[in-house]
Amino acid sequence: MTGSDRAAHAETADQRSGLTLGDVARDCPRWHCWNGVSALVYARLAGASPPVIVRGENPVGLREKIRRAEADL
């Protein structure tokens, strides 16, 4: 599967769930979310030292990773 194929697959999965990166950012206001390379999405916990950064293949996966990271804090 090429990078563009993964991006298309992730976009399709996001459309089915209806969850966008903006939704994740609103649900998790302490986190800065952005689109990265290779169709991955990232989030960084604002003000954390050392930095706490998580990544997912789509907004649904990213939200789950954020929840796991917060449980570990």
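The present account deals with the structure reproduced in this document.

### Section: the pairing of strand β1 (residues 31–35)
Where β1 and strand β2 (residues 41–45) come together, 5 bridges link them in antiparallel fashion. The residue of β2 that forms the bridge with C33 is A43. Hairpin remark: β1 followed by β2, antiparallel, with 5 residues in the connecting loop; positive phi at S38, about 55°.

### Some points on the packing of aromatic side chains
Enumeration according to the criterion identifies 1 aromatic pair in this entry. Residues W34 and Y42 carry aromatic rings whose centres are separated by 5.6 Å and whose planes lie at 10° to one another, so their mutual orientation is stacked. Exposure remark for W34: the relative accessible area of 29% places this residue in the partly exposed category. For Y42, a relative accessible area of 17% gives the class buried.

### Considerations on the environment of V24
Note that V24 resides in helix α2 (residues 21–27). Taking the C-alpha atoms as reference points, V24 and I66, separated by 42 residues in sequence, lie 9.2 Å from one another. Once residues within four sequence positions are removed from consideration, V24 is found in contact with L19, C33, P59, L62, R63 and I66.

### Topic: the pattern of salt bridges
Overall, the coordinates contain 3 salt bridges when judged by the stated rule. Two residues, R26 and D23, come together in a salt bridge whose shortest N-O distance is 2.6 Å. In this pair, R26 and D23 are both assigned in helix α2, 3 residues apart and thus about one turn of the helix distant. The closest approach of N and O atoms between R68 and E64, which form a salt bridge, is 3.5 Å. Of the two residues, R68 and E64 both sit in helix α3 (residues 59–72), 4 residues apart, roughly one turn of that helix. On the basis of relative accessible area, R68 is assigned to the partly exposed category, the value being 48%.

### Some words on the nonpolar core
One finds V24, W31, C33, A43, V54, L62 and I66 to be the most contacted residues of the largest nonpolar core, which totals 13 residues. Among the elements of the structure, α2, β1, β2 and α3 are those that each provide at least two residues to this core.

So, how was this worked out
- In this convention, every chain numbers its residues from 1, walking through the sequence in written order.
- Local features in this predicted model are restricted to residues whose pLDDT is 70 or higher, and side-chain atom pairs enter the listing and the counts only when it is 80 or higher, whereas totals over whole chains, interfaces and linings include all residues.
- To obtain the side-chain values, all non-hydrogen atoms of the structure were used and water was disregarded.
- One requirement defines pairing of two strands: DSSP has to find at least two bridges between them.
- In this text, helices come from DSSP runs of H or I with a minimum length of four residues, and strands from runs of E with a minimum of two, each type numbered from the N-terminal end.
- Put simply, two rings from Phe, Tyr or Trp (the six-membered ring, in Trp's case) pair if the centres are within 6.5 Å, and we call them stacked under 30 degrees between planes, edge-to-face over 60, tilted for the rest.
- Only protein chains enter the accessibility calculation, which uses a 1.4 Å probe. A residue is then buried if its area is under 20% of the maximum for its type, exposed if over 50%, and partly exposed in between.
- Contact criterion: two residues are considered in contact whenever any of their non-hydrogen atoms come within 4.5 Å of each other.
- Each reported salt bridge corresponds to a side-chain nitrogen of Lys or Arg within 4 Å of a carboxyl oxygen of Asp or Glu.
- For the purposes of this section, nonpolar cores are sets of buried Ala, Val, Leu, Ile, Met, Phe, Trp, Tyr and Cys residues that join through side-chain atoms within 4.5 Å.

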